Amino acid sequence: MKIIIGNDHAGVEFKNTIMKHLEEQGHEVVNVGTDTLDYPDIAKSVAEKVLAEEGNLGIIICGTGIGISIAANKVEGIRAALCHNEFTARMARLHNNANIVALGARVIGDELGKAIVDTFITTEFSNEERHIKRIEKITNYENQLK
Ligand code: RB5
């Protein structure tokens, strides 16, 4: 599993902190940058790399985490969850099988950010029928829009 990480100008230092934390744990982290691109560009670039290989997960960071999560969720097959605490990070994986976590660099501190990504990365999808069914409805809806 690769962890793809990207940020806009509001999240440069925060991204570096999170990336260092993950690398210290031995994770393979792919950094798509940046301190210059707008959050929709970074969202697209992280999303495409997450989808390129089964099991990859993504971390996207902007000031609030809002814009970049909205943008990432426009990419078919992406379920990006904006998380502000460990509970939502856990539920995003368990119930929603989210493949990207979005973080707000101007909202949460470094230690909470590290705890959120640790939880997100180590929690597996529950694989329960009721959650599979609901996620399938999202996929079906995406297909109708084509
Ligand atoms: C940039 O100033 C800020 O708008 C952006 O990082 C993000 O918070 C948007 O949702």
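The numbering scheme is per chain: residues are counted from 1 as the chain's sequence reads. Two thresholds apply to this predicted model, a pLDDT of at least 70 for residue-level local features and 80 or more for giving and counting side-chain atom pairs, whereas whole-chain, interface and lining totals are computed over all residues. To obtain the side-chain values, all non-hydrogen atoms of the structure were included, while hydrogens and water were left out.

Colleague: So, the site of the ligand: which residues are in play, and what are the values?
Modeller: For the ligand, the full set of nearby residues is Asp 8, His 9, Ala 10, Tyr 39, Cys 62, Gly 63, Thr 64, Gly 67 and Arg 106. Pairing of N or O atoms within 3.5 Å defines a polar contact, subject to two protein rules: one partner must be a possible hydrogen donor and the other a possible acceptor, and residues neighboring in sequence count only if both atoms are side-chain atoms. Within the contact set of the ligand, an oxygen atom lies 3.4 Å away from a side-chain nitrogen or oxygen of Arg 106. For the area figures, the Shrake-Rupley method with a 1.4 Å probe applies, and any residue is considered shielded solely by the protein chains shown. In the complex, the protein chains occlude 72% of the 290 Å² of accessible area that the ligand would expose alone. Residues are grouped as follows: nonpolar covers Ala, Val, Leu, Ile, Met, Phe, Trp, Tyr, Cys and Pro; charged covers Asp, Glu, Lys and Arg; every other residue, Gly included, is treated as polar. Its residues assigned to classes, the shell around the ligand comprises three nonpolar, four polar and two charged. Being near a molecule or strand, for a residue, means having at least one of its heavy atoms within 4 Å of it.

Colleague: A description of unusual backbone geometry should follow, citing residues and the corresponding values.
Modeller: Across residues other than glycine, the phi torsion is negative in most instances, and most of the peptide bonds are trans. With an omega dihedral of 20 degrees, the bond running from Gly 33 to Thr 34 counts as a cis peptide bond. Secondary-structure assignment places Thr 34 in the loop between strand 2 (28-31) and helix 2 (39-51). The backbone of Asn 97 sits at a positive phi, close to 50 degrees, despite the residue not being glycine. A positive phi angle, near 65 degrees, is found at Asn 127, a position not held by glycine. Put simply, DSSP H or I for four residues or longer makes a helix, DSSP E for two residues or longer makes a strand, and each gets a number counted from the N terminus. As for its position among the elements, Asn 127 is in the loop between helix 5 (110-122) and helix 6 (129-145). Only protein chains enter the accessibility calculation, which uses a 1.4 Å probe; a residue is then buried when its area is under 20% of its type maximum, exposed when over 50%, and partly exposed in between. The exposure class assigned to Asn 127 is exposed, which follows from its relative accessible area of 55%.

Colleague: So, the nonpolar core: which residues are in play, and what are the values?
Modeller: Counting 23 residues, the largest nonpolar core has Leu 22, Ile 59 and Leu 103 as its most contacted members. The set of elements that each furnish at least two residues to this core consists of strand 1 (2-7), helix 1 (12-24), strand 3 (57-62), helix 4 (86-94), strand 5 (100-104) and helix 5. Discounting residues that sit within four places of it in the chain, Leu 103 has contacts with Phe 14, Ile 59, Ile 60, Ile 61, Cys 62, Thr 64, Gly 65, Leu 82, Cys 83, Ile 108, Ile 116 and Val 117. Among buried residues, the Ala, Val, Leu, Ile, Met, Phe, Trp, Tyr and Cys ones that are joined through side-chain atoms within 4.5 Å form a nonpolar core. Within the second largest apolar cluster, 16 residues are counted, among which are Ile 60, Ala 72, Ala 80 and Ile 100. Residue contacts follow a heavy-atom distance rule, with two residues in contact if any of their heavy atoms lie within 4.5 Å.

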